[in-house]
Amino acid sequence: MGNVAVLREIASGFRKREERGRLSTGISAVDRLTDGGIARGTLTEICGPVSSGRTSFLFALLSRATRQGECCAWIDAAGVFDPASAAEAGVELGRVLWVNCGGNAQHALKSTDLLIQAGGFGLVVLDLADTPDSIARRISLASWFRLRHAAERTGAALVAVERQINARSCSALQIEMRRTKPLWIGKLLRGIAAQAESRKHYKSQFAEFTASR
């Protein structure tokens, strides 16, 4: 009977996480790729090189979340977040807590942990995209597990943005961004054609979309 009770508790936990729903990315091709967007109560990793569409992807997600009334947090490890560009992408800055960690990745991890534990945020972005790989790789799996469990408890959608996948088995969804070609209007660069690869349950799927410059 003890084992049955444990199994029922686990099943109940899965159902509760499913009921939390998803946050739309604001990009229809990516929403189809991810079965409706970024799942709440989980850790999602977004990775890719410079100019691969990472920032446009995150701004689209942040814009959709804030316009739906979500309170969001952007933990900026390298101090490169551009509020003007975010506002131009439709982000309601009044609903975003921006934490500038000035290049200290450990401060970024601590800030992320504290904010998720506090609750009240629908979306928490941990921006490690401009953190050197040698530093990002030093983040222990124990740290990633702690962040993932905090997201599960509070229901926040936790998104880590990186150059490469670091949390591995700790993340429920991994999306790798790639630039396919620049989009020009005359001599002006207006955006890029980007490709997103979703990795979940050892399967890969692809979606293509246009990322604004």
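Below or above, wherever it landed, is the structure these notes cover. (Residues numbered from 1 in each chain as written. Predicted model: local features only at pLDDT ≥ 70, side-chain atom pairs only at ≥ 80, totals over all residues. Heavy atoms only, no water.)

1. As for unusual backbone geometry
Stated formally: Here a strand is any run of E in DSSP of at least two residues, a helix any run of H or I of at least four, and the numbering for each starts at the N terminus. Residue exposure (1.4 Å probe, protein chains only): buried if accessible area is under 20% of the type maximum, exposed if over 50%, otherwise partly exposed.
With a phi angle near 60 degrees, Asp35 is a residue other than glycine that sits in the positive phi range. As for its placement among the helices and strands, Asp35 is situated in the loop between α2 (28-33) and β2 (38-39). Judged by its relative accessible area of 59%, Asp35 is exposed. In this model, Ser51 sits at a positive phi of 65 degrees, which is unusual for a non-glycine residue. With respect to the secondary-structure elements, Ser51 resides in the loop between β3 (43-47) and α3 (54-67). On the accessibility criterion, Ser51 (41% relative accessible area) is partly exposed.

2. As for the packing of aromatic side chains
Rules: For Phe, Tyr and Trp, where Trp contributes only its six-membered ring, two rings pair if their centres lie within 6.5 Å, and the inter-plane angle classes them as stacked under 30 degrees, edge-to-face over 60, or tilted in between.
In this structure the tally under the stated criterion is 4 aromatic pairs. Seen in terms of ring centroids, Phe59 and Trp74 are 5.7 Å apart; in terms of plane orientation they differ by 50 degrees. Their pairing is tilted. You can see Phe59 sitting in helix α3 and its partner Trp74 sitting in strand β4 (residues 72-76), a full 15 residues away along the chain. Measuring from centroid to centroid gives 4.9 Å for Trp74 and Phe81, while their planes differ by 40 degrees, and the two rings are tilted. Owing to a relative accessible area of 4%, Trp74 belongs among the buried residues under this scheme. Judged by relative accessible area, Phe81 falls into the buried class, the value being 8%. Of the aromatic side chains, those joined through ring pairs into one cluster are Phe59, Trp74, Phe81 and Trp98.

3. Observations regarding the pattern of salt bridges
For clarity, the cut-off: The working definition used for a salt bridge is a side-chain nitrogen of Lys or Arg within 4 Å of a carboxyl oxygen of Asp or Glu.
Applying the stated criterion across every chain yields a total of 5 salt bridges. For Arg40, the salt bridge identified is with Glu70, shortest N-O distance 2.6 Å. Taken together, the positions of Arg40 in the loop between β2 and β3 and Glu70 in the loop between α3 and β4 put the pair 30 residues apart, joining distant regions of the chain. Residues Arg40 and Glu70 agree in their burial class; the two are buried. Arg95 serves as the salt-bridge partner of Glu92, at 3.9 Å between the closest nitrogen and oxygen.

4. A word on the pairing of strand β6 (residues 123-127)
Keep this limit in mind: Two strands pair if DSSP finds at least two bridges between them.
Most of β6 sits inside the fold, with 5 of its 5 residues counted as buried. Of the strand pairs in this sheet, β4 and β6 are connected by 5 bridges, and their pairing is parallel. Within the sheet, the bridge partner assigned to Cys72 lies in β6 and is Leu123. Of the strand pairs in this sheet, β6 and strand β7 (residues 157-162) are connected by 5 bridges, and their pairing is parallel. When the sheet's bridge partners are listed, Leu123 is paired in β7 with Ala157.

5. Observations regarding the pairing of β4
Of all 5 residues making up β4, 5 are buried, and the element is well covered by its neighbours. Side chains Cys72, Trp74 and Asp76 project from β4 onto one buried face, and the interleaved Ala73 and Ile75 project onto a second face that is buried too. By the bridge criterion, 5 bridges tie β4 to strand β5 (residues 96-100) in an arrangement that is parallel. Paired with Trp74 across the bridge in β5 is Trp98.

6. Concerning the environment of Met177
Topologically, Met177 is positioned in strand β8 (residues 173-185). For the pair Met177 and Pro49, spaced 128 residues apart in sequence, the C-alpha separation works out to 7.6 Å.

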